[in-house]
Amino acid sequence: MNRESASLTQGLSARRRAYDIGMRALLYASAIIICALLLFLIGYILVRGIPHLSWEFLSSEESVIKNIEGILPALINTLYVVIATLIIVLPLGVGSAIYLTEYATNKKLVAAIEFATETLAGMPSIIFALVGVIVFCEFAGLGTSLLAGAFSLVMMTLPTIIRTTQESLKTVPQSYREGSLALGAGKWHMVRTVVLPSSVDGIVTGCILAVGRIVGESAVLMFTAGMGMRLAKYGHGLGEFFKNLFDSSGATLTVALYNYAKERADFESAFAVAVVLLVIAFIINIAAKLAGRKLKKH
Amino acid sequence: MCDNNEKIIIESNKLNLYYGDNHALKDISFRIPSNRITALIGPSGCGKSTFLKTLNRMNDLVPGVKIEGQVMYNGEDIYSKAVDVTRLRRQIGMVFQKANPFPMSIYDNIAYGPRTHGVRNRAKLDEIVERSLRDAAIWEEVKDRLNKSALGLSGGQQQRICIARALAVEPDVLLMDESTSALDPISTSKIEELAMDLKSRYTVIMVTHNMQQALRISDYTAFFLLGELVEYGDTQTMFSKPTDKRTEDYITGRFG
Amino acid sequence: MKLPPNTATTKNGACPVEEENSRAAKPIDGSRGLKDLMEHIMKALFLFCGLVAVGFVLVISVYLIISGLPAIREVGLIPFLFGTDWDPANKSGSPAYGILPMILTSIYGTAGAIVIGVPVGFLMAVFLSKVADRRLAAVIREVVDLLAGIPSVVYGLVGMMVLVPGIRVLFGLPAGDSLLAAVIVLAVMILPSIISVSETALDAVPREYEEASLALGATELETYFRVSAPAAKSGIAAAVVLGVGRAIGEAMAILMVAGNVANMPGLLKSVKFLTTAIAGEMSYAGGLHRQALFSIGLVLFLFIMLINAVLNLFLKKNGKEGN
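Reading the values: the criteria
- Residues numbered from 1 in each chain as written.
- Chains lettered and ligands numbered in written order.
- Predicted model: local features only at pLDDT ≥ 70, side-chain atom pairs only at ≥ 80, totals over all residues.
- Heavy atoms only, no water.
- Helix = DSSP H or I, 4+ residues; strand = E, 2+ residues; numbered from the N terminus.
- Buried < 20%, exposed > 50% of the residue type's maximum accessible area, 1.4 Å probe, protein only.
- Contact = heavy atoms within 4.5 Å.
- Areas by Shrake-Rupley, 256 points an atom, 1.4 Å probe, with all protein chains shown as cover.
- Pairing = 2+ DSSP bridges.
- 1 Å grid on protein atoms, 1.4 Å probe; cavity = no way out; pocket = protein on both sides within 12 Å on 5 of 7 lines; lining within 4 Å.
- Points joined across faces, edges and corners; volume = space filled by probe spheres on them.
- Nonpolar A, V, L, I, M, F, W, Y, C, P; charged D, E, K, R; others polar.
- Axes fitted to C-alpha atoms, helices over the stretch in contact; angles between N-to-C directions.
- Parallel < 35°, antiparallel > 145°, perpendicular 65-115°, else oblique.
- Left-handed = near helix turned anticlockwise from the far one by under 90°.
- Buried area = accessible area lost by both parts, 1.4 Å probe.
- Salt bridge = Lys/Arg side-chain N within 4 Å of Asp/Glu carboxyl O.
- Domains from an automatic or database assignment.
- Polar contact = N/O pair within 3.5 Å; in protein donor to acceptor, adjacent residues only side chain to side chain.
- Right-handed = clockwise from strand over helix to strand, strands pointing away.

With respect to the overall build of chain C
The helix and strand tally for chain C stands at twelve helices and two strands. Listed N to C, the secondary structure of chain C is α-α-β-β-α-α-α-α-α-α-α-α-α-α in terms of helices and strands. In chain C, which comprises 323 residues, the proportion classed as buried is 51%. Taking the intrachain contacts of chain C between residues at least 6 apart in sequence as the baseline, contacts between residues at least 24 apart amount to 70%. Only carbon and sulfur atoms are counted for the fraction: they give 66% of the accessible area of chain C, which is about 14900 Å².

Structure representation (structure tokens):
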């Protein structure tokens with residue numbers, strides 16, 4: 001390369017200019033493609049689904065005789081699965097995170113728990129489906145039921161809860177802990193009064209993310225919770241309610257969508273369900289953002 | 001301000017620079033001679049680094065920056081629209097305060113600039129790499145491990161790799177932004193010697209906090225304070241009899 | 001020596017104080033016993049919670065092995081893994097249990113999704129991290145997050161209604177359910193994770209590297225692709241491995257577009273993946289067929305464990321570089 005004193009205005013060589021323009025074009029092209037894809041996806045779903053969406057569709061149980069279509073059972077099943085899963089997974093996940101950040105001293109044990117958490121996080125849902133079927137439906141005798149579905153989903157959502165809780169526990173300043181222990185508080189007292197209250201936001205974020213995964217999950221629920229489209233009889237009173245929750249099986253929204261599209265070729269209903277799922281996904285995204293932002297502030 | 005027999009390579013006229021509302025450089029008019037070492041001194045935040053970065057337009061990268069006035073390089077206004085910044089930066093090289101070799105091999109670090117500017121021939125690149133490393137006085141230390149990562153070297157070695165990398169594109173001017181401030185005394189003196197060797201072929205402009213350093217190696221010194229160029233002249237003269245009271249105070253260590 | 005006159009009084013006065021002390025100490029001791037018990041219980045409870053994840057992984061491994069091995073033993077490992085015919089429902093009495101078509105389909109499908117998804121996702125990450133205006137980048141990031149939150153059956157539905165007919169018409173096929181449709185759906189589904197992981201890696205590249213490159217006269221784009229991207233390479237590699245994991249494990253979306261015939265893979269052929277074989281046949285399979293599905297699950301599990309191991313390797317390396 002010769003030392004150049006050429007004018008500063010000479011500009012890039014043709015080759016470099018081509019590289020610059022070409023790469024810039026590629027960057028913008030990929031951005032435009034992805035945005036266009038998403039707009040198309042959302043637009044297409046809304047256009048095909050909204051016309052079929054009505055209050056009746058959302059609020060009634062389908063009936064061939066009365067010629068009524070409705071996804072109320074799917075909505076209620078989804079809600080039950082979400083609640084049942086959270087009730088089980090929340091204490092386990094938060095407890096696990098507390099153990100890891102506050103109690104654990106054995107490095108090998110911590111490594112084992114973290115390895116297990118990572119493994120669960122990377123496991124495809126179809127594996128949870130298989131294991132759910134053998135362990136909860138058959139071995140534990142729950143049969144194909146919402147509760148078996150919830151247990152299977154506990155395996156899937158546990159890493160989410162553990163991770164977000166752990167992250168927020170790590171943001172609690174060490175001085176809070178020391179301050180509490182220095183006053184003579186026991187460890188559990190310290191966790192209960194100082195650590196947990198400061199990490200509520202992280203736990204909430206974890207719950208929201210878990211809800212997102214549960215609502216979006218289909219493979220696991222199809223095999224463990226069943227595909228029924230009828231409203232289970234929930235009966236009166238809390239006792240009967242729980243008893244029925246154990247027994248009844250049914251499709252959640254995603255499974256109902258699969259059912260409409262693949263088994264019945266009722267695409268209007270499938271798209272209408274897709275709109276509902278899209279709205280839920282949107283709300284969950286916003287909620288997670290808000291909770292996450294609050295978490296960051298601390 | 002500067003010896004009239006000198007050939008002037010860079011000249012700024014009424015240069016003003018704003019970061020948003022902050023007026024960081026005020027009416028800087030300054031003539032920098034070719035093939036000399038010019039030191040820019042002054043307390044932190046006085047604008048000397050900022051001024052240095054206007055010379056190769058690295059300030060363009062700061063959001064919200066506004067520059068008024070002229071900087072002439074070999075008679076061309078570097079802030080004119082027609083100027084190609086990449087060509088300017090190739091001719092006015094820069095070595096940073098913190099050694100910043102790329103996370104690549106030593107060879108690839110040095111070859112990065114020439115490759116960017118279109119040198120593909122392996123033999124030619126080998127030659128450039130060796131010459132640049134020799135010029136930066138580090139060839140003997142690294143010639144047996146050119147394919148090892150540059151991040152494995154010591155701080156002083158890394159900084160000389162960065163100087164070699166800057167030399168590899170054959171600049172006319174080398175800007176050094178407190179390039180020895182993070183180094184131990186031995187590495188510092190190596191780089192000072194290097195700078196003195198380099199001035200036969202390059203113009204060196206260096207920002208330094210270290211007044212002994214300015215006195216040891218520079219031909220000219222400029223004193224900046226609060227965004228103004230307070231005093232500029234022959235280094236020996238300026239350190240022995242400064243004309244401005246503020247310069248005297250700074251040099252004698254009354255502030256900064 | 002004269003004792004101070006009030007010594008006795010002092011001694012007498014001291015006694016009640018000591019008594020008070022011991023009286024005060026007793027309740028503390030008592031409650032400490034209760035507290036200690038509580039502490040122990042809570043510690044045990046938390047330990048139990050921590051072990052649940054380990055337990056789940058053990059249960060998954062053990063049950064998959066227990067239920068996956070019988071069919072492999074019955075069919076034979078080599079015929080099972082390398083047999084090219086999958087025909088478990090053969091009524092004439094000669095069912096075939098070769099899963100090579102599915103293994104290859106899963107590999108090809110994943111590779112295809114990576115080939116499409118990674119370049120686009122990587123470019124998008126560079127755009128977001130380096131080029132885009134900050135506000136625009138924030139909006140696009142929201143959009144990408146939303147993409148990540150859409151359930152897989154919704155992707156399957158749109159693929160079914162748009163891609164499958166499109167491929168049918170475009171290539172003049174009798175049916176458009178094909179590996180190609182599955183690959184495109186998978187590519188779209190892995191985009192969000194590729195984008196966000198690569199972007200995080202690119203954001204972490206020290207600004208000094210980029211400044212050094214610019215100061216040498218490189219353009220911004222030369223800098224991003226020749227300095228920033230190589231500096232972020234292990235993070236980007238992690239993004240790719242993560243994408244592989246996602247793609248190989250996806251079931252429902254591709255079940256809806258791949259056609260589900262256990263052909264040897266071809267881009268325009270109807271194919272069956274490891275995952276879709278399980279998802280599609282689980283509901284009606286019985287006997288050896290059902291056991292064979294668990295064996296497929298075991299194979300898939302081993303694939304995933306391998307991918308996770310590789311991913312951890314990259315992440316660990318990342319962590320080290322970060323320090």
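Observations regarding the sheet that holds strand β2 (residues 22-33) of chain B
Residues and elements named next belong to chain B. On the basis of which strands lie adjacent, the open sheet formed by four strands has the order β2-β1-β4-β5 and antiparallel pairing. Strands at the two margins of the open sheet, each flanked by one partner only, are β2 and β5 (76-77). Looking at chain direction, strand β1 (residues 8-19) and β2 are connected through eight bridges and run antiparallel. For Ser12, the partnering residue across the bridge sits in β2 and is Phe30.

Some points on empty space enclosed by the protein
Residues and elements named next belong to chain A. According to the stated counting rule, one finds three cavities of 30 Å³ or more in the structure shown. Approximately 50 Å³ is the volume attributed to the largest cavity. Counting only elements with at least two residues in the lining of the largest cavity, the list comes to β2 (68-71), α3 (72-103) and α12 (253-263). At three residues, the largest contribution of residues to the lining of the largest cavity is made by α3. The residue inventory of the lining of the largest cavity, partitioned by class, reads seven nonpolar, three polar and one charged.

Some words on the packing of helix α1 (residues 14-49) of chain A against helix α4 (residues 134-149) of chain C
Axis angle and axis distance: for two packed helices, these are the angle between their axes and the distance between the axes, and together they describe the pair. At a closest axis distance of 10 Å, the pairing of α1(A) and α4(C) adopts a crossing angle of 50°. Between α1(A) and α4(C), the interaxial angle falls into the category oblique. Like other packed secondary-structure pairs, α1(A) and α4(C) cross with a definite hand, here left-handed. In this structure, α1(A) uses Cys35(A), Leu38(A), Leu41(A) and Ile42(A) to contact α4(C), whose residues at the interface are Ile140(C), Val143(C), Leu146(C) and Leu147(C). For the contact of α1(A) with α4(C), the residue count by class is eight nonpolar, no polar and no charged.

Side note on the interface of chain C and chain A
At the interface, 74 residues of chain C touch 78 residues of chain A. Between chain C and chain A, the buried area comes to about 7000 Å², and carbon and sulfur atoms account for 81% of it. Counting across the interface, chain C meets chain A through four salt bridges. For Lys289(A), the salt bridge is made with Asp145(C), and the minimal N-O distance between the two is 2.7 Å.

Structural notes on the domain arrangement of chain C
All names here are of chain C. Considered domain by domain, chain C is made up of domain 1 (16-75) and domain 2 (82-322). Once you take the C-alpha centre of each, domain 1 and domain 2 turn out to be 40 Å apart. Counting the contacts that link domain 1 with domain 2 gives zero salt bridges. Counting the contacts that link domain 1 with domain 2 gives one residue pair in polar contact (both at pLDDT 80 or more).

Things to note about the domain arrangement of chain A
Residues and elements named next belong to chain A. Under the domain assignment used here, chain A contains domain 1 (3-52) and domain 2 (55-297). Placing a centre on the C-alpha atoms of domain 1 and another on those of domain 2 gives a separation of 39 Å. The partner domain 2 presents ten residues to the eight residues of domain 1 that form the contact. A per-residue breakdown of the area domain 1 buries against domain 2 is headed by Ile45, Arg48 and His52, which together make up 72% of the total.

Observations concerning the interface of chain A and chain B
One frequent convention defines the size of an interface as the accessible area lost when the parts assemble. Contacts between chain A and chain B engage 14 residues on the former and 25 residues on the latter. Linking chain A with chain B are zero salt bridges, by the criterion used here. Inspection of the region where chain A meets chain B yields two residue pairs in polar contact (both at pLDDT 80 or more). For the side of chain A that touches chain B, the residue count by class is four nonpolar, six polar and four charged.

Focus: the side chain of Glu6(B)
Residue and element names in this part refer to chain B. Position of Glu6 among the secondary structure elements: in the segment before β1. Looking at Glu6, its side chain comes within polar contact range of the side chain of Tyr220, at 2.7 Å. Look past the residues within four positions of Glu6 in its chain and what remains in contact with it is Pro33, Ser34, Arg36 and Tyr220.

A short note on the pairing of strand β7 (residues 173-177) of chain B
All names here are of chain B. Buried residues dominate β7, accounting for five of its five residues. Going residue by residue along β7, you find Val173, Leu175 and Asp177 tucked away on one face and Leu174 and Met176 tucked away on the opposite face as well. With four bridges connecting them, strand β6 (residues 92-95) and β7 associate as parallel partners. By the bridge assignment, Val95 is partnered in β7 with Met176. Of the crossover connections in this fold, the one passing from β7 over helix α7 (residues 185-198) to the parallel strand β8 (residues 203-207) is right-handed.

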